[in-house]
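Descriptive structure summary
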Amino acid sequence: MEIPRTSTCNVIYRCIISVLFTGLLCSAQLEVKVNDIETATDGDASTSLSCSFSGYSGTPATIILAWEKTDTETGQKQFLIQQFNGYPETIGRYTIEGQANLRIAGPITVDDVGRYTCKVSLIGGGAGGTQQASVELLINSPIQDLVMGVEGQIDLLGENDVVTMIESQPITIICWAKQANPAASVTWYLGDQMIVSGEEGFTIESHTEEVDQPGDSRLNTVSQLTFSPIYTQHQNKVLMCSAINDIMSDELSLSVYPRILVPPSNHYIVGYESGDMVPVVEGQVFTISCRAVESYPVTQLQWYLDGAPIEHGITANNVQNDDGRVTVMSTWTYMASRAKGDDGARVQCVASGEPLSATNSVYVTLDILYPPTEIGITGDSDHYKAGEPARGIVCSSSGGRPAPKVSWWLGNQEKVTGVLNSNYLDLEMTANDNGKIYTCLANNDANIGHPLRMDTAPLNILFPPACVMLTGEGAVVTGQEATLTCSVCSSNPAASTYWKKDNGIITGSTTERLQATTYSKGENKGQITEQKLILKVTPSYNGVKIQCFGRNHEFDNIETSSDKYELDVLFPPVYPNGCVTSLTGYRAPLKAGDSLTLLCTSCSSNPAATIRWYRDDEEVQGTNQDMLTDGLYNGQVTAQEITMVMSQEHHGSQYHCSAFNRMVPNVPAPSQKITLEVQYKPMIINHELNRKAAASSGEEARLHCQVNSNPSPQVYWFHDNKRVISDGFYYTVTIVTNGAITTSTLYISSVDPLRDYGTFNCTTNNSHGMDSFLIDMQGKSKSKPDSAVGVEVIHMTDTMVTVTWQPGFDGGERQLFYLKYRIFSQDGSHEWMTSSAVIEPPLVARDLDSSTQYEILVISENSLGSSESNTIVRQTMVSNVGTTSPQKDSRSTIGVPIGVAMAILAAVIIVIAIIVIICKNRKSRKSEKPATVRVSSFEIANRQQQNDLSLTYFTSATAPPNPPLRTVSVVPNNLAYDSKAIIAHPGQENHHHKRHYPEDYKRSGRLVPESQT
C-alpha cells in the first residue's frame, strides 16, 4: 500500500536552499511525494521507485532532481543520480523517468535493499524551494537452499541418503530452509502421511534466524523433527522435509530413508538365568543353547569356556521374521567330566554386532553330577492293619552327588515321596495293599530313569469289610416265603454275620430260618461272607425292617451294617381277619332330587386297594378320588365316595362296592348290598302308546294308563270332563301293581260312539305330585300303524345285537314288530334281512359278522300296512374266537368237553322255563277280562252321580271320592291296546321268516307267531 509523504518547508531551510541555489527568497511551499515502501523480487530485470512533486507557483527556471540510497543497517549514504532540467537521464543502473521516478536496472539483488531519498529543488520563475521524501525498497527472495542433517552429526544429508538409527532411541533430524524472504514454512512427511507434532510420538519445533550477512534481510527457517523410531512402522519409509514461502509456487523437498537397527529384545541362555548352576551328569552328553531374539541386522553369538573361545560342537539356527528381524540361536553340545576339570567351569555366551552399542554377555556354571551306589530294605512285611502305616519297613541308599532320594512306589505310582538317604514305608495301609509288593527306589539327578531299586515281600494287610449288602426278591404275597441274602464284602480274615428285625436279634425259628454261612474269594485277596434268611411272611411282616451286620474279629470297634431292607408284603383288603368293606351314607327313604353320597371304605391292604362301584351288579363309575389313610400292618385303607342325585330310576336299585388289590387280583372284598328307596311323583310312562285308541260300535275297548310311582299312586279316569266310575256294566277299571309300576286299565264293554268317542283323561297322584295324559278314542279307520321311535341298541356282542324302541299308535288294529337289517355300505348294495316278529320290544338279530357296521330299523305292521322307523348304524364287537386267557394254564383244556356239556344242559333248562312262562301267560290273559258284575239300580244311579264330578275340581292337592274299584294283583303281562282279542291258530310253528296271522291279517302276507297271540 502506498502512503504519500509530504515535507513541509520551514523558513530557515528554504532560506538556506534559496541562498545555495538561487539566492532568492522562497515565495511558495514545495511538496514531494513517495511511497513509504516499494518491493521487488530478487532477480527481477528492473524495478521503479515512484516520486512526484507539487505545491509551487509559476514556472521554475531550474529543476534539480537527485536520488540517494542509505544503508538501513550502517547508515552509510550513497549518491545515485542528479539531474538538472532533465539532464542527464541515466547514470549507471539508475534512470530518472517521468516527473521524478527512479528506475533501477537489473538484475535486482538483495544488495539493492535500502532507504532511497528523492530530492527536488526549484529555482526562479516565481517558484523556488527544496523538498525531499524517502522510500524503503525491500527485496523478496525464494528459498535459496534446503539442507537436512542429524543432530550431533557434522555431515549433512543428501537426497535419498540412508539415515541409520536405533529402535526406541530418540533421534532429532534438522531441516534448514535458507535465505528466504519472507521466511519459509517447513512440513515433514513419513511415507505418504504428513507428520503432525504431538501425534504418534513425533515432536516438531521450528524457528527463524536472520542470515548471517550484513545488509541481507532474508531469513533462515530451522525445523527439528524428534521421534523414537519403531522398526515395524518406520523401516524403509521415505522421510521428507518440504519447504515453501509466499512468493514460491512450488515446494522444495529433500528425502532420506531411515535404517532402523534393532538390538535383540532378549539375550539369554535357554532355561537359565545368567549366573545359574547347570547340573550336568558325568559321562552324558548335554546341550546348552543361547538365544538373541529378533534383532536387525543379525546378532553374532560366541561361546567361551572359562574365558577360552569354544570352536567345536556349536550349531547355529537363524529364524527371520516376515519383517526382516532375525532370532539367532547357538547350541553347544558337550560331554563334561570331573577329570577334565569341568566341575565349576564357567560357560559364557557373548552377543555382538551392529545393533549393539557394546557386547553383551551371559554365563552359567557347570555342576557335575554322578549316581548313588548302594540300596537296602530292613523290617518285617507281615500283619499290618488297614488304617495304620507300615513304619517297620525302612529303605536306605548311599553314595552319589547330589545325595540320593529314597522313595516308595507301588507299580508306577509314587506312594511315599522321596527323602535323602533313607525312608520309612510311612503310608497308611488300606485293604487294597493286601498282597501288594512295594518297591524302594534310590536316585538323584544323575540316574533319573535308571534308579537303584529293591522290592518288599508281599504285604499281609488285615482289613474289615467295607460294606454289607442285603438283597431280597421284592414284594411277596402273604403266606409265601421271602428270601433275603446278606453279602458281607471282602474282609481279611473273613467276617462273621448276624441279623436284626426292627432292632431285635434274629436267632432263627420255623418262620425265620437262617441258612449256613458260605465264603468265597473277594477283592484285595480277602473273603466274601454270605448268608440267607428265609421268612414265612404274613401281613404283620409288612413294613418290618431287616438289617444284616458284618464284623472282622481283628477289629473290635468296627462293625459294618447293610441298609435296612423294608419288607413289602402284599395282602388283600380283608385284614384284620373278619374285616369287611363297609358301605355307609344311606338313610331311607329318599326323595327324587335329593343328593345321596355313599362312602365305601376298604379294610387295610398293601398296596392300597382300588374301589369299584356296582349298581344292580353292573359296574358304574365313582365320582370322587380315592382317599388313603394308614391301615393295619403298614397297609392303607382306601375310601371313596359316589354322589348321585336321586330320581325315579334309582328306586329299587341295589348298590354295593368292592375293594380290589391289583397285586392279589383273585381276592375281592365286597361290601353289603343296599337297596335304594326313592319316593317321587307319579309319571305316566305309556304316553306314546296310548295317545290314540280305536273301536267300532259295540266292540269292547281297553284303555291303559301305566304309572311309575313311589309311593303307590291313585289313578282316576275322566271322559268329557267327568269322572269315569267303574260300574261293572259299562266301565270296569282294574289295577295291576308290580313294584313301582302301576297299570290301570279301563274296559269299555260295548262301545257307544255317542257316549264313548272323544277324549279320555288318565290322572294320577301321590303325596309328591301328579301327572295326567289324554287318549283320543275314535272309530276304527283304515290306517297302518305309526312308526316306532327311540330305536336303540341295548346290548351287543360280536355276533348279535339286542334292539328296543317305543311303539307308535297301532292304527286301531293289533300291530307286530320285526327288525330289518343289513351290512352298511355307501352304495347300499347289501341285501336286507328280517327277524322274527314280536308284539312288543325288545328283539334280537343274530348270526352277524364281528366288527362290522350294520344298518338297523324297526318295522311296525298291522293288517293294513307297515311303517319303518329311522335307521341307526351300529358296529358289532371284535370276535374273541381263537384268543387264550392269560389266567389259564394248559390244564384248562381238560374242561372244554365238560363246559360244552354244561352249556347244552343250561340251554335245555332255559327252553323248558320259556315254555312254562308262555303257558302261564296264556292262562293269565284268558282271565284278564273281568267277569260281569251285577249292580242294583241304586248303585247305578249313585255311580252316575259320581260320573258327574267335573275334572276341573281335581288337583294335585285334592282328589275325588274313591269309588269301588276292581283291583287285581297279578303278574304283569304284555299289554294289548286293541279293541278285541286276536285268536291264535293252534298248531302253527314259530319259525324264522314264517309269521302267521288271523284271517283278517292274511292279506298282508304275514302271520302272527303262536307264542305271541
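Note that the structure is a prediction, hence the values are computed from the model and not measured.

About the criteria used
- Residues numbered from 1 in each chain as written.
- Predicted model: local features only at pLDDT ≥ 70, side-chain atom pairs only at ≥ 80, totals over all residues.
- Heavy atoms only, no water.
- Helix = DSSP H or I, 4+ residues; strand = E, 2+ residues; numbered from the N terminus.
- Buried < 20%, exposed > 50% of the residue type's maximum accessible area, 1.4 Å probe, protein only.
- Contact = heavy atoms within 4.5 Å.
- Areas by Shrake-Rupley, 256 points an atom, 1.4 Å probe, with all protein chains shown as cover.
- Pairing = 2+ DSSP bridges.
- Disulfide = S-S within 2.5 Å.
- Phe/Tyr/Trp six-rings, centres within 6.5 Å; stacked < 30°, edge-to-face > 60°.
- Core = buried A, V, L, I, M, F, W, Y, C linked by side-chain atoms within 4.5 Å.
- pLDDT = per-residue confidence, 0-100.

1. Thoughts on the overall build of the protein
Along the protein, the regular secondary structure elements total six helices and 80 strands. Looking at the protein as a whole, 40% of its 1013 residues qualify as buried. In the protein, 66% of the contacts between residues at least 6 apart in sequence involve partners at least 24 apart. About 52600 Å² of surface is accessible on the protein, with carbon and sulfur atoms providing 50% of the total.

2. Comments concerning the pairing of strand β51 (residues 569-575)
Here β51 lies mainly inside the structure; six of its seven residues are buried. Two strands pair when backbone bridges link them, and strand β41 (residues 476-477) and β51 are joined in this way by two bridges, in the parallel orientation. Among the inter-strand pairings, V477 is bridged to a residue of β51, identified as L570. In the sheet, β51 pairs with strand β55 (residues 604-606) via two bridges, with the strands oriented antiparallel. Following the sheet pairing, Y575 is matched in β55 by S604.

3. Brief notes about the sheet that holds strand β19 (residues 219-227)
Spatially, β13-β12-β15-β19-β18 is the arrangement adopted by the five strands of the open sheet, whose pairing is antiparallel. Of all strands in the sheet, those bounded by a partner on one side alone are β13 (156-157) and β18 (203-210).

4. Digging into the state of the cysteines
Here the structure, examined in full by the defined rule, presents nine disulfides. The disulfide partner of C175 is C241, and the gap between their sulfur atoms is 1.8 Å. In this structure, the disulfide formed by C175 and C241 twists by about -85° around the S-S bond and is classed as left-handed. Here C175, found in strand β15 (residues 171-180), pairs with C241, found in strand β20 (residues 239-244); they are 66 residues apart in sequence, far enough to count as distant. C241 sits in the buried class, given a relative accessible area of 0%. The disulfide bridge from C579 ends at C603, spanning 1.8 Å between sulfur atoms. Here the S-S torsion is close to -95°, and the disulfide linking C579 with C603 is therefore left-handed. Linking C579 in the loop between β51 and β52 (582-584) with C603 in the loop between β54 (595-601) and β55, this pair joins segments that are 24 residues apart in sequence.

5. Some words on the packing of aromatic side chains
Applying the stated criterion across every chain, the model contains 13 aromatic pairs. Geometrically, the ring pair formed by F286 and W332 is edge-to-face, given 6.0 Å between the ring centres and 80° between the ring planes. Taken together, the residues F286 in strand β24 (residues 285-295) and W332 in strand β28 (residues 326-335) connect sequence positions 46 residues apart. Judged by relative accessible area, F286 falls into the buried class, the value being 12%. Here W332 falls in the buried class, since its relative accessible area comes to 2%.

6. Looking at the nonpolar core
Grouped together as the largest cluster of nonpolar side chains are 29 residues, with contacts concentrated most on M148, V163, I173, W188, F227 and L239. Those elements giving two or more residues to this core turn out to be β12 (145-150), β14 (161-166), β15, β16 (185-190), β19, β20 and β21 (252-261). A per-element tally of this core places β15 first, with five residues. In this view, L239 contacts I173, W188, Y189, L190, I195, L225, F227, L254, S255, V256 and P258; residues no more than four positions away in its chain are not counted. Core analysis: the second largest hydrophobic core is formed by 27 residues, L30, C51, L137 and I139 among them.

7. So, the pairing of strand β33 (residues 389-398)
In the case of a regular strand, side chains alternate between the two sheet surfaces. Inspection of the sheet shows strand β31 (residues 374-378) paired to β33 by five bridges, in the antiparallel sense. Within β33, the position partnered with I377 by the bridge is C395. Direction of pairing for β33 relative to strand β36 (residues 422-428): antiparallel, over a ladder of five bridges. If you follow V394 over to β36, its bridge partner there is Y424.

8. Digging into the confidence of the model for the protein
Looking at the protein as a whole, its pLDDT mean stands at 82, while 84% of the residues score no less than 70. Note that pLDDT drops below 50 for residues 882-899; the model gives that stretch zero contacts with residues more than four away or on any other chain. Ignoring residues within four places in sequence, the model shows residues 920-1013, a span with pLDDT below 50, making 174 contacts including any to other chains.

9. Quick look at unusual backbone geometry
The omega angle of the peptide bond from A588 to P589 is -10°, so this bond is cis rather than trans. One non-glycine residue, S168, lies in positive phi territory at about 75°. Inspection of the secondary structure assignment puts S168 in the loop between β14 and β15.

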